[in-house]
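Close look at the chain arrangement
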Amino acid sequence: MRLYYLGPKGTFSYLASQKLILENDIEYLAKSNLHEVIKAVSSDDNSIGIVPIENSIEGTINIVADALAEQKIYAHGEIHLDIDFALYGYPSDSLHDIKKVYSIAPAISQTTNYIHQHQFLYDYTDSTIQSLDKIAKGIGAIAPLGSGETYGYQPIDLHIQDYPHNVTRFLIVKNHTHFEDDTNTTMFLITPQYDKPGLLASVLNTFALFNINLSWIESRPLKTQLGMYRFFVQADTPVTNDVNKVITILKTLDFTVNLIGSFNKRF
């Protein structure tokens, strides 16, 4: 089986993939961006992908949410990974020598207070590990703690994320809907057929009517016209009779409901 992840080796996606316990022999294949990971999984029946869906600081990763709606990928599991950043630099540089840093956009966002505190200029790369290639005199890289050492760098500063309890939730995605039988959470894409008052309230109230907890709620533009949105919800329940009743009610309220994931959630 092939496992696609945002590479190269040492990224948070790679570290998340190492937490998987798989029976089959796995061929790890790094991709340069999330679009390529999603494209590879959607066209490869004998594969899985590891993609970030949500960060406790930054919220939903929109690229992945949109892919669940628009591409042939479905959620079959999740992995939680503690996020710990370090600043890596030129061997002779100290913290005071650094004038500019590079990293992937979410890493810049999650260390923004640190960056402004030290008055660093900053720019973006396609992955945290790719930022290590930018290291030069006076130029640093923000990367996962422990990853820079793999490439011969030592950290200049440790634990530089803005919040100590920083966790990213990754999804295990495949290109089919053959979900396991014994699951405890279900993900839906709920799309209104037309705009009307109380769309989101209708969705939330219908789940609440059957006492079904929603642990993830996200709205994303339909990209058809301004003001039209679709809703992602994750319900802490398998597909039960009550869930089927929810789906039936939502359909009568002119929503299209698609199952986009089912797996065992970490509580």
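The numbers attached to residues start from 1 for each chain and follow its sequence in the written order. Per-residue local features are limited, in this predicted model, to residues with pLDDT of at least 70; the limit for side-chain atom pairs, both in listing and counting, is 80 or more; totals at the level of whole chains, interfaces and linings are taken over all residues. Hydrogen atoms and water are omitted, and side-chain values are computed over all heavy atoms in the structure.

1. Description of the environment of Glu-58
Each helix is a run of H or I in the DSSP string that is no shorter than four residues. Each strand is a run of E no shorter than two, and both are numbered from the N terminus. Structurally, Glu-58 can be placed in the loop between strand E3 (47-55) and strand E4 (59-60). Sequence separation between Glu-58 and Val-167 is 109 residues, and the spatial gap between their C-alpha atoms is 10.0 Å.

2. Examining the packing of helix H2 (residues 34-42) against helix H3 (residues 62-70)
The axes used here are C-alpha line fits, helices contributing only the stretch in contact, and every angle between their N-to-C directions lies in the interval 0 to 180 degrees. For the pair H2 and H3, interaxial distance at closest approach is 10 Å and the crossing angle is 25°. Here H2 is positioned roughly parallel relative to H3, judged by the angle of their axes. Handedness of the crossing formed by H2 with H3: right-handed. Across the interface between the two elements, Leu-34, His-35 and Ile-38 of H2 pack against Ile-63, Val-64 and Ala-67 of H3. Grouping the amino acids of the contact of H2 with H3 by side-chain chemistry returns five nonpolar, one polar and no charged. To sort the angles, those under 35 degrees are grouped as roughly parallel, those over 145 as roughly antiparallel, those from 65 to 115 as roughly perpendicular, and the leftovers as oblique. The sense of a crossing depends on the near helix, which, turned anticlockwise from the far helix by less than a right angle, makes the crossing left-handed and, turned clockwise, makes it right-handed. Contacts are assigned to residue pairs that have any heavy atoms within 4.5 Å of one another. For this classification, the nonpolar set comprises Ala, Val, Leu, Ile, Met, Phe, Trp, Tyr, Cys and Pro, the charged set comprises Asp, Glu, Lys and Arg, and every other residue, Gly included, is treated as polar.

3. Things to note about the pattern of salt bridges
Just to be clear on terms, a salt bridge is a Lys or Arg side-chain nitrogen sitting within 4 Å of an Asp or Glu carboxyl oxygen. Enumeration according to the criterion identifies ten salt bridges in this entry. For the salt bridge of Lys-223 with Glu-70, the shortest nitrogen-to-oxygen distance reads 3.4 Å. With Lys-223 in the loop between strand E13 (214-221) and strand E14 (229-235) and Glu-70 in helix H3, this residue pair connects regions lying 153 residues apart in the sequence. The buried label applies to any residue whose accessible area, calculated with a 1.4 Å probe on protein chains only, is under 20% of its type's maximum; exposed applies above 50%, and partly exposed to all values in between. The exposure class of Lys-223 is exposed, given its relative accessible area of 54%. A relative accessible area of 41% places Glu-70 in the partly exposed class. A salt bridge links Arg-230 to Glu-70; the nearest nitrogen and oxygen atoms lie 2.5 Å apart. Placement of Arg-230 in strand E14 and of Glu-70 in helix H3 is noted, with a sequence separation of 160 residues between them. Judged by relative accessible area, which is 8%, Arg-230 ranks as buried. Taken together, the shared-partner salt bridges in this structure form one network comprising Asp-66, Glu-70, Arg-220, Lys-223 and Arg-230.

4. Quick notes on the packing of aromatic side chains
Two numbers describe a pair of aromatic rings. These are the distance of the centres and the angle of the planes. Classification of ring pairs rests on two measures: the distance between centres of Phe, Tyr or Trp rings, Trp counted by its six-membered ring, which must be within 6.5 Å, and the angle between planes, read as stacked under 30 degrees, edge-to-face over 60 and tilted in between. Under the criterion given, the structure shown has seven aromatic pairs. Judged by centre distance (5.1 Å) and plane angle (85°), the rings of Phe-12 and Phe-85 are edge-to-face. Placement of Phe-12 in helix H1 (residues 12-17) and of Phe-85 in strand E6 (residues 85-88) is noted, with a sequence separation of 73 residues between them. In this structure, Phe-12 and Phe-85 share a single accessibility class: buried. Its guanidinium or amino end placed over the ring of Trp-216, Arg-169 lies 5.6 Å from that ring's centre, counting from NZ or CZ. Criterion for a charge above a ring: Lys NZ or Arg CZ within 6 Å of the ring centre, and within 35 degrees of the ring normal.

5. What to know about H2
Those residues of H2 that sit buried are Leu-34, Val-37, Ile-38, Ala-40, Val-41 and Ser-42. Elements that come into contact with the buried residues of H2 comprise strand E1 (2-6), strand E2 (27-31), E3, H3 and strand E11 (167-174). At the N-terminal boundary of H2, the capping side chain belongs to Asn-33, with an oxygen 3.1 Å from the backbone nitrogen of His-35. Any pair of N or O atoms that falls within 3.5 Å is considered a polar contact. Within protein, one atom must be able to donate a hydrogen and the other to accept it, and sequence-neighbouring residues count only if both atoms are side-chain atoms.

6. Digging into the domain arrangement of the protein chain
Put simply, an interface is often sized by how much accessible area is lost when its parts join up. Once the domains are mapped, the protein chain shows domain 1 (1-81 + 164-172), domain 2 (84-155) and domain 3 (183-260). Boundaries of every domain are those given by an automatic assignment or by a domain database. Measuring from the centre of the C-alpha atoms in domain 1 to the corresponding centre in domain 2 gives 23 Å. Opposite the twelve residues of domain 1 that make contact, domain 2 presents 14 residues. Here the buried area means the combined drop in accessible surface, using a 1.4 Å probe, for two parts upon being joined, counting both sides. A buried area of about 970 Å², summed over both sides, lies between domain 1 and domain 2, and 63% of it is on carbon and sulfur atoms. Three residues, Lys-9, Phe-12 and Glu-58, lead the burial of domain 1 against domain 2; their summed loss comes to 41% of the area buried on that side. The interface formed by domain 1 and domain 2 contains zero salt bridges. Counting every contact that joins domain 1 to domain 2 gives three residue pairs in polar contact (both at pLDDT 80 or more). A breakdown of the residues in the side of domain 1 that touches domain 2 according to their chemical character gives four nonpolar, six polar and two charged.

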